[in-house]
Amino acid sequence: GSEFIVRLPLSEPPALHRLATPARNRPVDDFSRGSRVLVVDDNHDAAWSLAMLLKTLGHEVETAYHGAAALELVRTFQPTVVLLDLGMPEMSGYEVAERMQGMPEAKRCALVALTGWGQEEDRQRTKAAGFKDHLVKPVDLAALKKLLAELPAEDTAIASAYAPVAAEIAP
């Protein structure tokens, strides 16, 4: 009988330290503005990897793997952005979008199609269904960063528009 002793270091490797850099220390061109993002995709690996990428960019992220879970997370997580796969079983992304539009928790939420369908008629259909944008898988990281950088500014504009009303209501 052989006996082996393995000693592992307690510190994280340098690469993990770079990923864990707080958002306040990141360069401005990092596009991380801390959006609350819900990733909805029936492909677990695709949803998980996109969620991890978004977290490294400084966003708060939740994932859902089917329509019913997405709708529940819209209620509880109240995302500012939903990246929604269109071709899911049981409840399509279009059905999820339609139900979300009737939810008070989703009124200020930007809905973005994230799909393998990229023809012009697909883009027109998502626009008609109320989607803010249409991204094709695999997602172009630069396009996603640009989109997320623009969306929080719109939320700020909406919030400032309600500020006078909130001031009148406040005691």
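Before reading on, note that the structure itself is shown above.
Novice: A description of the environment of W117 should follow, citing residues and the corresponding values.
Specialist: Positionally, W117 belongs in the loop between β4 (110-115) and α5 (120-128). Owing to a relative accessible area of 40%, W117 belongs among the partly exposed residues under this scheme. Distance from W117 to L135, taken between C-alpha atoms, is 8.9 Å for residues 18 residues apart in sequence. In this view, W117 contacts L86, G87, Y94, D122, H134 and V136; residues no more than four positions away in its chain are not counted.

Novice: Run through the packing of aromatic side chains, naming residues and quoting values.
Specialist: The tally for this structure, following the rule as stated, stands at one aromatic pair. Judged by centre distance (6.1 Å) and plane angle (80 degrees), the ring pair of Y94 and F131 falls under edge-to-face. Here Y94 is found in helix α4 (residues 93-100), whereas its partner F131 is found in the loop between α5 and β5 (133-136), with 37 residues between them in sequence. The same class applies to Y94 and to F131, which are both buried. The ring of F77 has R36 lying over it, and the distance from NZ or CZ to the ring centre is 4.3 Å.

Novice: Go over unusual backbone geometry, please, and point to the residues and values.
Specialist: The amide bond that connects K137 to the next residue, P138, takes the cis arrangement and shows omega of -10 degrees. The residue P138 is located in the loop between β5 and α6 (141-169) in this model. One non-glycine residue, Q78, adopts positive backbone phi at about 50 degrees. Looking at where Q78 falls in the secondary structure, it is placed in the loop between α3 (67-77) and β3 (81-84). Backbone geometry at E90 places phi at a positive 70 degrees, although glycine is not the residue there. Within the secondary structure layout, E90 lies in the loop between β3 and α4.

Each value, and the rule that gives it
- Residues numbered from 1 in each chain as written.
- Predicted model: local features only at pLDDT ≥ 70, side-chain atom pairs only at ≥ 80, totals over all residues.
- Heavy atoms only, no water.
- Helix = DSSP H or I, 4+ residues; strand = E, 2+ residues; numbered from the N terminus.
- Buried < 20%, exposed > 50% of the residue type's maximum accessible area, 1.4 Å probe, protein only.
- Contact = heavy atoms within 4.5 Å.
- Phe/Tyr/Trp six-rings, centres within 6.5 Å; stacked < 30°, edge-to-face > 60°.
- Lys NZ or Arg CZ within 6 Å of the ring centre and 35° of its normal.

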